[in-house]
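# Secondary and tertiary structure notes
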Amino acid sequence: MNHQKSQQAYENAQQYIPGGVNSPVRAFQSVGISPIFAQKAKGSHLWDIDGNEYIDYICSWGPMILGHSHPMLQEGLLEAVDRGISFGLPTTLELDMAKEICSAYPAAELVRMVNSGTEATMSAIRVARGYTGRDKIIKFEGCYHGHSDGLLVKAGSGALTYGIPTSPGVPADITKNTLVCHYNDLQSVQDTFEANPQEIAAVIVEPIAGNMGVIPSQPEFLQGLRDLCTEKGAVLIFDEVISGFRAAFGGAAQLYGVQPDMVCFGKIIGAGMPVGAYGGKREIMEWVSPKGPVYQAGTLSGNPLAMFLGLKQLRYLAQHPEVYQQLQQSGQQLEQGIKDKIAKHQLGYQVQRVGSLCCIFFTKQPVHSYQDAMTCDTEAFKVYFREMLQQGILVAPSQFEGMFLSVEHSQQDIEKTLSAMDNAFASVKKWQEQNNGTLS
Ligand SMILES: *Cc1c(COP(=O)(O)O)cnc(C)c1O
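Residues numbered from 1 in each chain as written. Predicted model: local features only at pLDDT ≥ 70, side-chain atom pairs only at ≥ 80, totals over all residues. Heavy atoms only, no water.

Mapped onto the secondary structure, Asp261 falls in the loop between helix H9 (251-256) and strand S13 (262-265). Overall, the relative accessible area of 5% leaves Asp261 in the buried class. A polar contact is formed between the side chain of Asp261 and the side chain of Lys281, at a distance of 2.7 Å. With residues up to four places along the chain from it excluded, the contact list for Asp261 reads Ala107, Arg226, Ala234, Val235, Leu236, Gly279, Gly280, Lys281 and Ile284. (Helix = DSSP H or I, 4+ residues; strand = E, 2+ residues; numbered from the N terminus. Buried < 20%, exposed > 50% of the residue type's maximum accessible area, 1.4 Å probe, protein only. Polar contact = N/O pair within 3.5 Å; in protein donor to acceptor, adjacent residues only side chain to side chain. Contact = heavy atoms within 4.5 Å.)

Now the structure itself:
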């Protein structure tokens, strides 16, 4: 497989764009090769600018749950463009979108559209702080909530220390209000609440973690967070930017039967357009400007084209519950197949899946937390990734991202993927034996 044009484009792009990309993961840095540049995609398949064809498991990191270039989404798009691309005035499309989200997700009684997941979480936290009159928040190690200052934080050395910035440019003065707890560890949350009485405005959590690989919450963890937040007067925020409309139509909240006070969406609700949303209980959301005093705005928020496409996708999902059954079945087929290949090559790796979101952890240890995920052999992952790419299978270029399935991933696609994995795992095994027999 030849990647000459992509390599050239990457070289040129680095002259004009920091690192050649507009979002870091696209640079393929953690797999040590130069990235492929996309040309077009249809259904479950994607083509790069060298004309190579791949089965795509990135799916734009989640939005393309119906596959690429779905004809239903394109229908009427030109007329929508013709009506006008943006007005800076309210439209009834925004009303329809809000109704759709609120009826799918009971905890969202009011919802505000924004332009990205980052904006959604950042704004939700501002509202939670305004509503409670408190400054501190709790997040979890390994959960990603976009790149706003207060959320680019990792745990300090002890469980009860203040968070420290994960990036230069983020003042410690800001992150001192972000307390970091351990995922799936209720005790760490309880201790943090006790050490900061009456000070915690919100707990923000990915109810199904999708940014340290795929780590589902243990059911008692989410219920425990619910109970603690209620008891302590803190706002429970589910970041369902990945899991919303994917884990189930009603997201992780529906799957687990636990309702947050606020919720953040992105990815699927935009069908590939730059969209986010945050919502919650009426009493809390009425703090948002212009109804309330917490300021939050956006020139292009609720953009007509973005609403047109996002709404179509949500309505389709609402009217076709069999989509989730089908995704569950293909997910099951993929998961079982991967487990068989791992067993065949005696690698002992972990496979975790929720519906159409699946992840292979290159470790022999069960993975319930960030610490567990950090035991993965990222060098072995590199070998695997490159072998898969060479065979026309595009998985996320990082150990700590999931595989996204769409309804367009056919049984045949999955079989082809599994047979490529067979070869890739054989190479990993061989590589391990040559490099450090002790690792496997
Ligand atoms: C992708 C993601 C975000 C950030 O969304 P952007 O649109 O990239 O800003 C926030 N939270 C979670 C859980 C995500 O997966």
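An order of S4-S14-S13-S12-S9-S5-S8 is seen for the seven strands of this open sheet, with the pairing classed as mixed. Because the sheet does not close on itself, it has two edges, and the strands there are strand S4 (110-114) and strand S8 (178-181). Looking at each pair of strands side by side, their axes are set apart by 20 degrees on average, direction ignored. In terms of strand pairing, strand S9 (residues 200-205) meets strand S12 (residues 235-239) through four bridges, oriented parallel. Bridge pairing links Val205 to Phe238 in S12. (Pairing = 2+ DSSP bridges. Axes fitted to C-alpha atoms, helices over the stretch in contact; angles between N-to-C directions.)

As a further point, take the pattern of salt bridges. When their charged atoms lie close together, side chains carrying opposite charge are able to pair. The tally for this structure, following the rule as stated, stands at 11 salt bridges. The partner of Asp261 in a salt bridge is Arg226, with the nearest N and O atoms 3.0 Å apart. Taken as a pair, Asp261 in the loop between H9 and S13 and Arg226 in helix H8 (residues 219-232) lie far apart in primary sequence, 35 residues in all. With a shortest N-O distance of 3.5 Å, Glu231 and Lys232 are connected by a salt bridge. Here the salt bridges do not stand alone but share partners, grouping Asp96, Glu100 and Arg315 into one network. (Salt bridge = Lys/Arg side-chain N within 4 Å of Asp/Glu carboxyl O.)

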